[in-house]
Amino acid sequence: MNVMQQATTSPIEIRTPKMPAMEGRAVSVFYGQKQALYDVSLAIERNQVTSLIGPSGCGKSTFLRCLNRMNDTIDICRVTGEIRLDDEDIYNRDIDVVELRARVGMVFQKPNPFPKSIYENVAYGPRIHGLTRSKIELDEIVTSSLRRAGLFDEVKDRLNEPGTGLSGGQQQRLCIARAIATRPEVLLMDEPCSALDPIATAVIEELIDELRENFTIVIVTHSMQQAARVSQKTAFFHLGKLIEEGHTSDLFTNPKNKQTQDYITGRIG
Amino acid sequence: MFGYLILTILVFTLVAYFVGQTAGRSFALADRQTHSLPGYHGAFVAVWVGIPALVLALLWVALQQPVIDRLVIGSLPGALTSGATPAQLSLILSEIKNVAAGQIFAEPSPDVKAAADLYVRWQDIARWAMFAAAVALMLLALVIARSKLAPRFRARTGVERFITGMIIFCSVVAILTTVGIIASLVYESLEFFRRVPLHEFVFGTRWEPQMAIREDQVAGAGAFGVIPVFTGTLLIASIAMLVAVPIGLFTAIYLVEYANENVRRVVKPVLEVLAGIPSVVYGFFAVLTVAPAVRAAGGAIGIVMSPNSALVAGGVMGIMIIPFISSLSDDALKAVPRTMRDGSLAMGATRAETMIKVLLPAAIPGIMGGVLLGLSRAIGETMIVVMAAGLIATLTFNPLDSVTTVTVQIVTMLVGDTAFDSPKTLAAFALGLMLFLVTLTLNVIALRIVQKFREQYD
Ligand SMILES: Nc1ncnc2c1ncn2[C@@H]1O[C@H](COP(=O)(O)OP(=O)(O)OP(=O)(O)O)[C@@H](O)[C@H]1O
Ligand SMILES: [Mg+2]
C-alpha cells in the first residue's frame with residue numbers, strides 16, 4: 001500500500017502558514033428547534049486534505065454541508081455564525097449560491113450519477129457554467145476529469161452508456177470526475193468510500209492525495225485509518241461540538257483531549 | 001333468499017376458519033414441528049368450505065330459471081302449446097309469471113292459473129333445494145378439509161395456491177371483458193361496413209347521418225364520412241391539451257420544487273376538488289359563462305363567432321384535465337430520488353436547470369402517463385362538447401367554429417328513435433372502433449417516446 005506511506009510521510013512542507021481557503025467562525029446550525037452544531041470554528045487550509053471524524057450524528061455532514069450551503073435545501077435548517085471563503089462570508093446576502101457551489105464542489109456518500117451518459121455526467125457542470133466554447137474543449141475537460149478520477153481507461157469505450165450502469169466504485173469516481181470538471185477550489189467529500197470495497201477505496205484515496213495539488217479537500221470519514229492516510233489536518237466532532245483539531249499526525253499520536261483519545265482508541269463511537 | 005344463502009355461507013366460512021385455526025393451535029401446542037401457522041389452517045378450511053358453496057349458489061341461480069320455465073311449459077295442456085312459435089311461448093310464459101307475481105290485468109284462463117300455481121311451487125322448491133344443497137356441500141367440505149389437517153400438512157401452500165388462482169382469475173376476467181368489448185365493436189362494425197363501404201367511411205368528408213329510419217320518413221340519404229368528426233375531436237382535444245399540459249406541468253413543478261409546505265397544503269386539495277367536479281358542471285360553466293365572455297371578447301375586436309365553438313369547449317375541457325396532469329406529474333417528480341436533485345444543486349446548477357436537466361428527464365414516464373390519461377379524457381369527454389361545441393360536423397381547423405366529436409356523435413346516434421340494424425345505429429360502433437384504434441395508436445406512440453427519452457434512475 002504505497003498510498004499510506006506517501007500520505008504519512010509527506011505533510012512536512014505544508015506547515016508553512018498560508019491564508020486558509022475556508023474558515024468557519026462560531027458556526028451553529030439548527031434543524032428546527034434542535035441544535036446540531038455549537039459554535040464550531042475551524043479553518044480549512046489551502047491545498048490540504050482536512051478530515052472530519054467523530055461518532056455518528058455528531059454533525060460532520062452538517063458542517064460539511066454548511067461549506068457549500070447545501071443546508072439551504074433543507075427547509076427547517078438555520079445557520080448562524082460566519083463561513084469565509086477567500087475572506088468573504090458565504091452566508092452574506094449578496095453571495096450567489098450558484099457561484100459558490102461552482103467554487104465549492106461536493107461528492108456525496110452514496111454515488112449519485114445522473115441517469116445520463118457517462119460523458120453527459122461529467123459535462124454537466126462545464127455546460128451549466130459555460131466553461132467551454134467548443135465541443136473540443138468540452139471533450140478535453142471530460143477526458144481530463146475522467147483521467148484524474150482514475151476512471152478514463154475503464155470507460156473510454158463507453159462514454160455514451162448511462163453512468164448508472166457502472167459499478168459502485170466506478171460510479172463514485174464518476175461523481176468525483178463530475179465534481180472536479182467544474183474546477184472547484186474546494187472539494188467536499190462526505191464519506192466517499194463508505195459504499196466501496198478496499199480496492200476501490202485505495203484507488204480513491206490515491207486520487208484524493210493527487211487532487212490535493214490543485215484542490216483543497218474536506219473529507220468526512222468513519223475510518224480513522226483513512227483519515228490518517230489521506231489527511232494533513234483532522235477535526236474531531238462530538239455531539240455537535242468541535243472537540244479537537246490539529247495536524248493529523250499530532251492528533252492521532254498525541255491527542256490532547258480525553259474524548260478524542262477515547263474515540264480514536266475505540267472507546268466511544 | 002339468495003341473500004340469506006350468502007349470509008349462511010359467510011357464517012359457515014367463519015366457523016370453518018375457527019375450526020381450522022383451533023386445530024392448527026392444538027398442533028402447534030402439541031408439537032413444535034408444525035408446517036403452517038394456525039391462521040393458515042383456518043384459511044385452508046375456510047376456502048374449502050366457502051368457495052365451492054359460493055360457486056354452487058351462483059351456478060344454481062343462473063341455471064334455475066330456464067329449468068323451471070321448461071318444466072312449467074311442459075305442464076301446460078297440449079292445446080295451448082302445440083304449434084306455438086317460440087315467441088308465442090314466451091308470451092304465455094310471461095303471462096304465467098305475471099299471474100304468479102300477482103299482477104293480474106284480466107281474468108286469466110284456468111290453465112294459466114294452474115300453471116302459475118305450479119310456477120310458484122317450483123320456485124319455492126328450487127330455493128329450498130339450493131339452500132339444502134349448499135349447506136350439505138359445506139358440511140361435507142368442512143369434514144373433509146378438517147380431516148386433512150395434520151401437523152405436517154401444508155396448509156400454507158394450499159392457501160398460497162388458492163390466492164394465486166384468485167389473482168389469475170381476476171386478471172383473466174379483466175382481459176376477457178376487454179376482448180369481449182372489442183369483439184362486439186368489431187362485429188357490429190363489420191355489419192356497418194357491409195352497408196357503408198369502408199373507404200367511404202374512412203375517407204369521406206361529409207358526416208350527415210340523419211337518414212330515414214322508417215320507409216315513410218322524409219330525410220336525407222345519409223353520409224358517413226368520418227373525417228370531419230375526427231378532426232373535430234382532434235381539434236378540441238388539442239386545444240384542451242394546449243391548456244392542460246403547460247398549466248398542469250408547471251403547477252406540478254411549482255408544487256414540488258418551489259412551493260413551501262403551507263402553499264402545498266392548500267393547493268393540492270383545491271386541485272383535487274377540481275378533479276371531482278362532474279363534467280356536466282363544466283359543461284354549463286362553458287355554455288353559460290365562458291362562451292358569452294369569449295363571444296363578447298371576440299365581438300369587441302371585431303371577430304364574429306358562433307355561440308358554440310371548439311375554443312370554448314376545448315378550453316374548459318383543458319381546465320377539467322389539469323388536475324390529472326398536475327397530480328401525476330407531481331408524483332413522478334417527487335419520486336425522483338433526492339440525491340439526484342442534491343447532486344445537481346451541489347454542482348452549482350440553479351433550481352430551474354436542475355428541473356429541466358435532471359428532474360424532468362427522470363420523471364418523463366410518469367408525466368407522460370398523466371398526459372396520456374388527460375388525452376384519453378379529452379378524447380372521450382362528451383358532456384362539455386354536447387353543451388358547448390355543437391352537433392354539426394364541420395370539416396375545419398378554425399377553433400372559433402362549431403365542431404362535433406366522435407363521442408358526441410355516438411351518443412346522438414344511439415339515443416331516441418332508432419332501429420338496431422340501420423346504418424345510423426351501427427355507425428356508432430364503427431365510430432367506437434375507430435376511436436379505440438386512434439387512442440391505441442396514440443398510446444403506442446407515447447410509449448415509444450417515453451422509451452426514447454427516459455432517463456432511468458435506480
Ligand atoms: N435534515 C435534517 N433534519 C433534522 N435533523 C437533522 C437533519 N440532518 C441531520 N440532522 C440531525 O443533526 C445531527 C447531525 O447530523 P449529521 O448528519 O451532521 O451527522 P453526521 O456526523 O454526519 O453522522 P453520520 O456519521 O451518521 O453521517 C443529528 O442529530 C441529526 O439527527
Ligand atoms: Mg453524515
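Above this text is the structure in question.
Report on the accompanying structure. Keep in mind that this is a model prediction, so the values were computed, not measured.

Points about the layout of surface pockets
- As a volume, the largest pocket reaches approximately 610 Å³.
- Lining the largest pocket are 24 residues, with T73(A), V256(B), E257(B), R341(B) and R351(B) sitting closest to its centre.
- For the lining of the largest pocket, the secondary structure elements donating two or more residues are α3 (97-103) of chain A together with α8 (227-258), α11 (310-335), α12 (338-346) and α13 (351-380) of chain B.

Some remarks on the state of the cysteines
- Applying the stated rule across the entire model yields 0 disulfides over all chains.
- Not engaged in a disulfide, the cysteine C175(A) finds its nearest cysteine sulfur in C193(A); these two sulfurs lie 12 Å apart.

Some thoughts on the pairing of strand β3 (residues 49-53) of chain A
Residues and elements named next belong to chain A.
- The buried fraction of β3 is high, at 5 of 5 residues.
- By the alternation rule, side chains of β3 split into V49, S51 and I53 and T50 and L52, which are all buried.
- By the bridge criterion, 4 bridges tie β3 to strand β9 (residues 233-238) in an arrangement that is parallel. Looking across to β9, one finds that T50 is bridged to K233.

Observations concerning unusual backbone geometry
Residues and elements named next belong to chain A.
- Backbone geometry places A26, a non-glycine residue, at a positive phi of 50°.
- With respect to the helices and strands, A26 occurs in strand β1 (residues 22-31).
- Of the residues examined, A26 reaches a relative accessible area of 34% and is grouped as partly exposed.
- Residue R183 is not a glycine yet carries a positive backbone phi of 50°.
- Structurally, R183 is set in the loop between α7 (168-181) and β7 (186-190).
- On the basis of relative accessibility, which here comes to 57%, the residue R183 falls in the exposed class.

Things to note about the interface of chain B and chain A
- Between chain B and chain A, the contact holds 22 residues from the first and 26 residues from the second.
- Of the roughly 1,900 Å² buried between chain B and chain A, counting both surfaces, carbon and sulfur atoms make up 60%.
- Contact with chain A buries area across many residues of chain B, yet A346(B), M347(B) and K357(B) alone supply 32% of it, more than any other trio.
- The interface formed by chain B and chain A holds 0 salt bridges in total.

Conventions used here
- Residues numbered from 1 in each chain as written.
- Chains lettered and ligands numbered in written order.
- Predicted model: local features only at pLDDT ≥ 70, side-chain atom pairs only at ≥ 80, totals over all residues.
- Heavy atoms only, no water.
- 1 Å grid on protein atoms, 1.4 Å probe; cavity = no way out; pocket = protein on both sides within 12 Å on 5 of 7 lines; lining within 4 Å.
- Points joined across faces, edges and corners; volume = space filled by probe spheres on them.
- Helix = DSSP H or I, 4+ residues; strand = E, 2+ residues; numbered from the N terminus.
- Disulfide = S-S within 2.5 Å.
- Buried < 20%, exposed > 50% of the residue type's maximum accessible area, 1.4 Å probe, protein only.
- Pairing = 2+ DSSP bridges.
- Contact = heavy atoms within 4.5 Å.
- Buried area = accessible area lost by both parts, 1.4 Å probe.
- Salt bridge = Lys/Arg side-chain N within 4 Å of Asp/Glu carboxyl O.

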